[in-house]
Structures are given as C-alpha cells and as structure tokens.
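Next come the chains, spelled out residue by residue.
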Amino acid sequence: MSILLNRRLILAGALGAATAAAVPVRAVAAPAGRRRFGVTLHPYYSYVANIVGDAAEVVPIIPAGFNPHAYEPRPEDIQRIGGLDAIVLNGIGHDDFAGRMIAASAKPSLPVVESNADVPLLPAAGTAARAAGKVVNPHSFLSITNSILQVATIARELGRLDPDNAAAYAANARAYARRLRQLRADALAKLARAGNASLRVATIHGAYDYLLREFGLEVSAVVEPAHGIEPSPAQLAETIATMRKLDVQVIFSELNFPSAYVETIRRETGIRLYAFSHISHGDYAPDLFEREMARNLDTLVLAMAEAAP
Amino acid sequence: MHHQIVRRAGAERETLWVLLAAGVILASAALAVGLRAAPDADAPLAAHLIDSRTGLTAAEQGLYADLKAAGEEIAALRRAGGRAPTPEELAAEALPPFAADPSAAARGGHSWTLAGTGDGVAYAGVSAAPELAGSLVLRLDGHGADIWLKRAAEAPPAPPEDAALTAAGWKRIVSTFTAGVTR
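A. Main features of the overall build of chain B. Per the secondary structure count, chain B includes five helices and six strands. Taken from the N to the C terminus, the helices and strands of chain B come in the order α-β-α-α-α-β-β-β-β-α-β. Computed over C-alpha atoms, the radius of gyration of chain B comes to 30 Å, more than 25% over the 16 Å expected from 2.2 N^0.38 for 183 residues, which places it beyond the range of a compact globule. The C-alpha extent of chain B, read off along each of the three principal axes, is 115 × 35 × 35 Å.

The following block contains the structure:
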C-alpha cells in the first residue's frame, strides 16, 4: 500500500514537473488587491509591465516559445484567463485566437483593452492585401510612434479599470514613451552622420511598414506569400524579376527565420540583406521591446548608411 | 400465360434524385451566400475628409501617426507648464515630427509655427516638398486633437477654423479602427 502511495506521489510529482516545464510562464498569485492584466504578445508584455510597474501583475497567456503566427489555443492557456482582471490585445490580426479563448474561459465577459483603437492602421502588405484595405497590417507594435500611441491607450483604459492607480499608470506611460522616443532620436542622430535618408526597400515579411514610415520609407515589394511559408519557384523567379525592375537597394529579412530562398534572392540580385526582429521570441521581459527595437533601428540605420552613395 | 415487364438496367431514377439533391444544395448555397454577402463598400467620405489608410502617401502616414502621438505629449506639457510649448521647444524634446532630423527631411522638410485658434492652439507645418507630403495642421483643444492636410507648400488660414480650412481646400484626416478579420 505504501509502495502504491509512493508511486502515486512520484507520478503526481513527475506530472507537476512536466506541466511546469511546458508552461514557463509566471503564474504566481498576485497579492490581494493587485490587479492581473493578461497579454498575448511579447511587445504588449513590455508595454503593460512598464505602465503598471509594481502596481499590478502582467500575465502572458501564451507561454514563451510559441510562434504567435501559428499558435493554437491550449486548455491550460485558456484556464489562465480565468484569473485575469482584464486582457490587453493587439486585436487587429496578430492575436485573433484570444477572442475564442476568452469566450471559452471561466470569464467570457473579461474586459478587453483594444490597444490599436487610436492607431492609424495601414493596409496589409503583400498577398495579405485584400478587401480594399479592410484587412490591416497587424504589426503596429513594430514601430516607435505606434507603440507610443498604444501605450497611451493601454494606460488610459487600465486606469479606467483600476482608478486607484490611474495617475501612476499615466505617469509611467509618459516616461516610457519618452524613453522610446529617445531610441528613435538616437538612431536618427546616427543617420544624420551617414547623410542619406532615402532607400528602395523590399521585405521578406510584410511586417515592417509601420517602422519604415517613421523614416519616410516605403516598401516596394514583399516576398513571402504568408508568414513562414516559402514562395514557390515560380513566385521566387517573379520576385527576383520584380526586384531587378524596381531597382531595390535593400532587402529586410527576419531574424530567427533563416531560409534558403532568402539566400537565393541575395545571390541572384546582389542586393544587400539585413534582418529585423519581429519581437516574438525569447522570454517575456519589461525591457524586451526596447532592446529589440534598438536593434531594429540600428539595423535600419546601418542599411541606410551602407546604401548611401 | 404470364407476362412480366422487366425494366432495362439503368440508373435514370437514381441519377434524377442525385441531380435533384445537387440542385437543392446549390440553390441553398446560393441563397445563403446571397443573404450573408458582405456589405457594399462604405459610403464615400465627405469632400473635406481624407482617409489615413488609403488617401495618404507613405510620408504623410508616418507624419500623421507622429502628430497623433505628439498631441498627447503636447497636452501633457500644456497641463504642466500652463502654456503651449513652441515648435522649437518640442524639437528640443526630440518630439517627432518637430525635431529637425533626417526623417523630417525625408518626409517633406516641414517648417512648423504655433498659432492660436481661440479656445486652443494649432501647429502649422508648411511642406517644402508637397509631392512627398502635403502641409499639415495639428489643432488641439481641451477635448483632443485633429489633423488637417493640403498638398501644397501653403500656410493655413488664420485662425485655422473648420470653415476657413475647408474653404481653402484643406482636408481633415480621419482613421478608422478595423478589428482582425478572423476574430
């Protein structure tokens, strides 16, 4: 009997350890009175963590390591929604799974913060462009200005839900916005030394329009038919012809998605290739957005400097 | 003598039933598609409005987003300082699009001035390259910000009120929120 009990204990322990390993997300109960705000994507974790500081807990509902482009809701992630006071969403196509998760959770009427409510959205790029601009580019978080607009909206809405901390949220949001603006100013100062601010650009993933518009740049061509899907040989040949015709100077690829077809394009066209971060990898961290965006801005400045005549 | 008529081998009747069933399925599908069709295109915007998603150049889209973000910061500076900051002060804070950086040059090289509107303030940016981005006006009152555009190297009328701006050919930029299509 005692052996059976021990076996059960070992089994329960092993299951618990396996579950903890599979869900590397902080699930510590917040102290009494401290709100718990859910997020779906890495940049939104950074935004909300910087807005709330120690006044509330930020809970990612998707464990780190999942690609948000291909995420399928899991029961344990849906269960996590039941302990939230509100959830902050991208809401324009990058976390559309969240609505179904909330509906299936213990809190189907959970307050939702639409971060992009005040962002001037751009139409989807590449083959995702359809319905006369009604399908929008969901990557508004890959931009300093649009992140500042989202941070202001999130701080305002969380302040409404948590009035005792509203003033702190507003002050934190403004301080965070100032730091983000400084990132862009630092990048532009480097660019001023480089002396050229025009570039004909192609991107592998149609995610970077918001960022490029901050520098007055427009994407001439998007290569990838959909995120993570490689183009067919015919599409690749057409892309290479298009890039030659448009006299594209720079291709922006994506970190963490090495691919043979990107190398083919580089080899065939001789165009310089640089990689941006999509900010969807690694552990959730308050400073992740600043670190990754600083790197993206440095990459953009380097590309513009190297393309200068 | 017993006669029995034996029908020749064939599946005419079954074929008829299958065709009938296929017809019913097609008809109900056509009916469902007809009833659930997406609405026609939205009503066109009024003549004095322009859509940020479809009506602006890439440079104007970037400037419009920057001005929206700047509106929040200027409102906070006004509350703290009791007066509207000048464009030079905003440039010193590295606040786009007032900061004179390579981005400003690439997006039309606007020169910014401060003007009063009666119950609020306005920042007028005259473009040096209207083919890249038109001239812009950011108006702020106690309730929020609105942004106007004219594709000319032209200052707005003073004061930049709705009627005067519209009469001079300026258009107010509007943006709409569109949720994800698979939500």
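B. Structural view of empty space enclosed by the protein. The tally for this structure, following the rule as stated, stands at three cavities of 30 Å³ or more. Estimates place the volume of the largest cavity at around 70 Å³. For the largest cavity, the full set of lining residues is Pro 120, Leu 122, Thr 145, Asn 146, Tyr 210, Arg 213 and Glu 214 of chain A together with Gln 61, Gly 62, Ala 65 and Asp 66 of chain B. Looking at the lining of the largest cavity, the elements that each hand over two or more residues are helix 5 (144-161) and helix 7 (209-213) of chain A together with helix 2 (58-81) of chain B. Classifying every residue of the lining of the largest cavity gives four nonpolar, four polar and three charged. Space inside the second largest cavity adds up to approximately 60 Å³. Around the second largest cavity sit Ile 144, Thr 145, Ile 148, Arg 181 and Arg 184 of chain A together with Asp 66, Ala 69, Ala 70, Leu 95 and Pro 96 of chain B, which together line it. Those elements that provide at least two residues to the lining of the second largest cavity are helix 5 and helix 6 (166-194) of chain A together with helix 2 of chain B.

C. Region of the structure containing the packing of aromatic side chains. Residue and element names in this part refer to chain A. Taken as a whole and assessed by the stated rule, the structure comprises 12 aromatic pairs over all chains. Here Tyr 208 and Phe 276 contribute two aromatic rings whose centre-to-centre distance is 4.8 Å and whose plane-to-plane angle is 45°, an arrangement assigned as tilted. Of this pair, Tyr 208 sits in the loop between strand 5 (201-203) and helix 7 while Phe 276 sits in strand 8 (residues 272-276), placing them 68 residues apart in sequence. Neither Tyr 208 nor Phe 276 differs from the other in exposure class; each is buried. Between the aromatic rings of Phe 252 and Tyr 274, the centroid separation amounts to 6.2 Å while the plane-to-plane angle is 45°, which identifies the pairing as tilted.

D. Region of the structure containing the pairing of strand 3 (residues 86-89) of chain A. Residue and element names in this part refer to chain A. Burial along strand 3 is two-sided: the residues Ala 86 and Val 88 and Ile 87 and Leu 89 are all buried. In terms of strand pairing, strand 3 meets strand 4 (residues 112-114) through three bridges, oriented parallel. The residue of strand 4 that forms the bridge with Leu 89 is Glu 114. Regarding the hand of the β-α-β motif, the stretch spanning strand 3, helix 4 (residues 97-104) and strand 4 is right-handed.

E. Representation of the interface of chain A and chain B within the structure. Contacts between chain A and chain B engage 40 residues on the former and 33 residues on the latter. The contact between chain A and chain B buries some 3,000 Å² in all, and 56% of this surface belongs to carbon and sulfur atoms. Contact with chain B buries area across many residues of chain A, yet Lys 134, Arg 174 and Arg 181 of chain A alone supply 20% of it, more than any other trio. Linking Glu 72 of chain B and Arg 156 of chain A is a salt bridge whose minimum nitrogen-to-oxygen distance equals 3.5 Å. For the side of chain A that touches chain B, the elements supplying multiple residues, two or more each, are helix 5 and helix 6 of chain A. Residue contributions to the side of chain A that touches chain B peak at eight residues, all from helix 6 of chain A.

F. A look at the pattern of salt bridges. Counting across every chain of the model gives 28 salt bridges over all chains. The residue Arg 174 of chain A makes a salt bridge to Glu 73 of chain B at a minimum N-O spacing of 3.2 Å. Highlighted residues: Arg 174 of chain A in helix 6 and Glu 73 of chain B in helix 2, drawn from two different chains. For Arg 174 of chain A, a relative accessible area of 25% gives the class partly exposed. Two residues, Glu 290 of chain A and Arg 179 of chain A, come together in a salt bridge whose shortest N-O distance is 2.9 Å. Placement of Glu 290 of chain A in helix 10 (residues 288-307) and of Arg 179 of chain A in helix 6 is noted, with a sequence separation of 111 residues between them. Looking at Glu 290 of chain A, the relative accessible area reads 15%, which means it is buried. The class for Arg 179 of chain A is partly exposed, based on a relative accessible area of 39%.

G. Spatial organisation of the nonpolar core. With 80 residues, the main nonpolar core has Val 48, Val 52, Ile 154, Leu 158, Phe 215, Phe 252 and Leu 300 of chain A as its most contacted residues. Discounting residues that sit within four places of it in the chain, Val 48 of chain A has contacts with Phe 37, Val 39, Val 58, Val 88, Ile 154 and Leu 158 of chain A.

Calculation notes
- Residues numbered from 1 in each chain as written.
- Chains lettered and ligands numbered in written order.
- Predicted model: local features only at pLDDT ≥ 70, side-chain atom pairs only at ≥ 80, totals over all residues.
- Heavy atoms only, no water.
- Helix = DSSP H or I, 4+ residues; strand = E, 2+ residues; numbered from the N terminus.
- Rg over C-alpha atoms; globule rule 2.2 N^0.38 Å.
- 1 Å grid on protein atoms, 1.4 Å probe; cavity = no way out; pocket = protein on both sides within 12 Å on 5 of 7 lines; lining within 4 Å.
- Points joined across faces, edges and corners; volume = space filled by probe spheres on them.
- Nonpolar A, V, L, I, M, F, W, Y, C, P; charged D, E, K, R; others polar.
- Phe/Tyr/Trp six-rings, centres within 6.5 Å; stacked < 30°, edge-to-face > 60°.
- Buried < 20%, exposed > 50% of the residue type's maximum accessible area, 1.4 Å probe, protein only.
- Pairing = 2+ DSSP bridges.
- Right-handed = clockwise from strand over helix to strand, strands pointing away.
- Contact = heavy atoms within 4.5 Å.
- Buried area = accessible area lost by both parts, 1.4 Å probe.
- Salt bridge = Lys/Arg side-chain N within 4 Å of Asp/Glu carboxyl O.
- Core = buried A, V, L, I, M, F, W, Y, C linked by side-chain atoms within 4.5 Å.

By themselves, these are just geometric observations and shouldn't be taken as functional.
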